[in-house]
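Below, each chain spelled out in residue letters.
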Amino acid sequence: MSDENVILITGAGRGIGAATALLAAERGYRVCVNYRSDEASAASVVERITASGGTALAVRADVTRTAEVERLFDTVDRELGTLTSLVNNAGTLEKQCRLEDLDEERLARIWTANITGPFLCAGAAVRRMSTRHGGKGGAIVNVSSAASRIGSPNEYVDYAASKGALDTMTTGLSLEVAAEGIRVNAVRPGLIHTEIHALGGEPRRVDRVGPQLPMRRGGQPEEVAETILYLLSPVASYVTGAFIDVAGGR
Ligand code: NAP
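How each quantity is defined
Residues numbered from 1 in each chain as written. Predicted model: local features only at pLDDT ≥ 70, side-chain atom pairs only at ≥ 80, totals over all residues. Heavy atoms only, no water. Salt bridge = Lys/Arg side-chain N within 4 Å of Asp/Glu carboxyl O. Helix = DSSP H or I, 4+ residues; strand = E, 2+ residues; numbered from the N terminus. Buried < 20%, exposed > 50% of the residue type's maximum accessible area, 1.4 Å probe, protein only. Near = heavy atom within 4 Å. Polar contact = N/O pair within 3.5 Å; in protein donor to acceptor, adjacent residues only side chain to side chain. Areas by Shrake-Rupley, 256 points an atom, 1.4 Å probe, with all protein chains shown as cover. Nonpolar A, V, L, I, M, F, W, Y, C, P; charged D, E, K, R; others polar. Contact = heavy atoms within 4.5 Å.

Please set out the pattern of salt bridges residue by residue, giving values where relevant.
Going through the model one piece at a time under the given rule, you end up with 18 salt bridges. For the salt bridge of Arg-208 with Glu-155, the shortest nitrogen-to-oxygen distance reads 3.7 Å. Here the residue Arg-208 occupies a position in helix α8 (residues 205–209), and Glu-155 occupies one in the loop between α5 (147–150) and α6 (157–176), the gap between them amounting to 53 residues. Take Glu-155: its relative accessible area is 13%, and that puts it in the buried class. Asp-207 is the partner of Arg-204 in a salt bridge, and the nearest nitrogen-oxygen pair spans 2.8 Å.

Give me the site of the ligand: which residues, what numbers.
Around the ligand, the surrounding shell holds 27 residues, and the nearest of these are Arg-14, Arg-36, Ser-37, Tyr-159 and Thr-194. Contacts to the ligand include Ser-37, whose side-chain N or O atom sits 2.6 Å from an oxygen atom. Within the side chain of Lys-163, one N or O atom sits 2.9 Å away from an oxygen atom of the ligand. In isolation the ligand exposes 890 Å². Once the protein is present, 95% of that is buried. Broken down by secondary-structure element, the contributors of at least two residues to the shell around the ligand are α1 (15–26), α6 and α7 (196–199). Class assignment of the residues belonging to the shell around the ligand gives a composition of ten nonpolar, twelve polar and five charged.

So what's going on with the environment of Val-177? Which residues, and what values?
On the secondary structure map, Val-177 appears in the loop between α6 and β6 (182–189). Taking the C-alpha atoms as reference, Val-177 lies 17 Å from Ser-233; in sequence the two are 56 residues apart. Look past the residues within four positions of Val-177 in its chain and what remains in contact with it is Val-126, Ile-182 and Val-184.

Okay, here's the thing in structure tokens:
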């Protein structure tokens, strides 16, 4: 792989995003570590990359805001060079509950975070990568969830549905840009050891449910990162519109 590959990973200060940033740097990518609020975590990911001789930059931006997305992508253009890879990783969920307890405000927050954000970032990436816009092509990976298949009953059907929308975007966008040098794929992680479960009100959710899974354990962020990096790499040059479950058989 050439050292001219430039990757932007949204929500990369911790969890799956941070693991993807570290692995991408190891593979020779110049890395933009996007974060929304936790500057210290993003800075520590950048520090680990630069300490190993890599190139990385932390950029604060809420990816649900058009102006912030534009500033984020402009910063990558200016500081790291031509964007070749986008990982739409930033996402969120809220307290576990049943569907009848979801209100309008929460639904709007979930749709905005998990659908609008990836749409805005994918649009900004296509404007830079597409041969239709004079770009040199590239690859996008959307971080969906096994929830889009399972539906997350009694936990967060809203979150699951937002990932269903992301799956549909993966299919539609992959076809829209297939002849313009851009591949668009998705990973669907299952239960992964990260801090997202605390947002659902159950920080130890993976420990509780993991032993009931086919592989009898939850996954590690690094196991998801490996699949993301595969989908972005030239090894996957004929793979587009595909979904890879990283869910231990779930
Ligand atoms: P995490 O530890 O909660 O990390 C998510 C990161 O995204 C946080 O650093 C968060 O930053 C950032 N973020 C959220 N909204 C953002 C926004 N609007 N703009 C910029 N950054 C934003 O979660 P994770 O488990 O690594 O999840 C990463 C992705 O994997 C998500 O899309 C999630 O849905 C998906 N996933 C996770 C699992 C799992 O079991 N962990 C399973 C399936 C899918 P702030 O703290 O500043 O909000």
